[in-house]
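# Structural characterization, general
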Amino acid sequence: AQSVTQLDSQVPVFEEAPVELRCNYSSSVSVYLFWYVQYPNQGLQLLLKYLSGSTLVKGINGFEAEFNKSQTSFHLRKPSVHISDTAEYFCAAGDVGDDKIIFGKGTRLHILP
Amino acid sequence: EAGVTQFPSHSVIEKGQTVTLRCDPISGHDNLYWYRRVMGKEIKFLLHFVKESKQDESGMPNNRFLAERTGGTYSTLKVQPAELEDSGVYFCASSQARFGTEAFFGQGTRLTVV
């Protein structure tokens, strides 16, 4: 079964600075990966997903992530953050053939003015 | 198109009482999932329905939890009797297909057992 590690519980970043949120998953032959975001007082919203194909995945709100099979990583990046990006970000993974997805503990992104 | 709707948004109950959470998935979505997040920890899978059938209930904590999805539409998750450790946010999600397709999440029900 999959496991997902988000090493950073909180990440403070100045507005307009770049950010990277780290995610590592346990090794698997075939895996699919997601990043979800939870804005304050809202549900989980899908940012982007990787199923197959290009290892660079572009999502909503200017976010992108890169699938790195050798390092079993799926880090999330944004070149310039805004106050509106303040939220908690969850990395999730699933094995192909298994319906459930496994979440990491989440990373809170704090945007500093 | 309406999203996934969960009722209630918050519930505070005493230890030993019963609580029923409800989830209305997106119309036409055969797959329905329940997840739970205990404070400070990861979001954990509880179970998965395909239409009215339980496909995977490996994440259900114990027999105090009962999930149903009669008719393959809305689902309920009952906790009876509730314990303090059941406190957390319960999320419901639905998807049209399986294996890696996007699951749409509701806003969650925050359950507090006192």
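Now for a look at the structure at hand. (Residues numbered from 1 in each chain as written. Chains lettered and ligands numbered in written order. Predicted model: local features only at pLDDT ≥ 70, side-chain atom pairs only at ≥ 80, totals over all residues. Heavy atoms only, no water.)

## A closer look at unusual backbone geometry
Note: most residues except glycine have negative phi, and most peptide bonds are trans. Cis geometry marks the peptide bond from Phe7 of chain B to Pro8 of chain B; its omega dihedral reads -15°. Mapped onto the elements of the fold, Pro8 of chain B is located in the loop between β1 (5-7) and β2 (10-13). Of the consecutive residues Gln80 of chain B and Pro81 of chain B, the connecting peptide bond is found in the cis state with omega at -10°. On the secondary structure map, Pro81 of chain B appears in the loop between β8 (75-79) and β9 (88-95). Unusually for a residue other than glycine, Asn61 of chain A sits at a positive phi of about 60°. Mapped onto the elements, Asn61 of chain A comes out in the loop between β7 (56-58) and β8 (64-68). The class for Asn61 of chain A is partly exposed, based on a relative accessible area of 39%. Positive phi values are uncommon outside glycine, yet Thr72 of chain A reaches one of about 45°. Take Thr72 of chain A: it is sitting in the loop between β8 and β9 (73-78). (Helix = DSSP H or I, 4+ residues; strand = E, 2+ residues; numbered from the N terminus. Buried < 20%, exposed > 50% of the residue type's maximum accessible area, 1.4 Å probe, protein only.)

## A word on the interface of chain B and chain A
Listed by partner, the interface residues are 21 residues for chain B and 21 residues for chain A. Across the chain B/chain A interface, buried area totals approximately 1700 Å², and carbon plus sulfur atoms make up 56% of it. Where chain B packs against chain A, one counts two salt bridges. In this structure, the salt-bridge partner of Asp56 of chain B is Lys100 of chain A, at a minimum N-O distance of 3.1 Å. At the boundary of chain B with chain A, the tally comes to five residue pairs in polar contact (both at pLDDT 80 or more). Counting only elements with at least two residues in the side of chain B that touches chain A, the list comes to β4 (31-37), β5 (43-50) and β6 (53-56) of chain B. Its residues placed into classes, the side of chain B that touches chain A shows eight nonpolar, seven polar and six charged. (Contact = heavy atoms within 4.5 Å. Buried area = accessible area lost by both parts, 1.4 Å probe. Salt bridge = Lys/Arg side-chain N within 4 Å of Asp/Glu carboxyl O. Polar contact = N/O pair within 3.5 Å; in protein donor to acceptor, adjacent residues only side chain to side chain. Nonpolar A, V, L, I, M, F, W, Y, C, P; charged D, E, K, R; others polar.)

## Details of the sheet that holds strand β7 (residues 65-68) of chain B
Residue and element names in this part refer to chain B. Strand order across the open sheet formed by four strands is β1-β3-β8-β7, with antiparallel pairing between neighbours. Looking at which strands have only one partner, the edges of the open sheet turn out to be β1 and β7. Recorded for the sheet is a direction-independent mean angle of 15° between the axes of neighbouring strands. Bridging between β1 and strand β3 (residues 19-24) involves three bridges; their strand directions are antiparallel. Residue Thr5 lies in a different strand from β3, and its bridge partner there is Asp24. (Pairing = 2+ DSSP bridges. Axes fitted to C-alpha atoms, helices over the stretch in contact; angles between N-to-C directions.)

## A closer look at the pattern of salt bridges
One pass over the structure, following the stated rule, counts 14 salt bridges over all chains. Salt bridges linked by common partners bring Arg36, Arg64, Glu85 and Asp86 of chain B together as one network.

## Describing the state of the cysteines
Residue and element names in this part refer to chain B. A full pass over the atoms with the stated rule returns two disulfides over all chains. Covalently, Cys23 is tied to Cys92 through a disulfide, its sulfur atoms 1.8 Å apart. Of note, the bridge from Cys23 to Cys92 carries an S-S torsion of about -65° and is left-handed in sense. In this pair, Cys23 is assigned in strand β3 and Cys92 in strand β9, connecting sequence segments 69 residues apart. The buried category is assigned to Cys23, whose relative accessible area is 0%. (Disulfide = S-S within 2.5 Å.)

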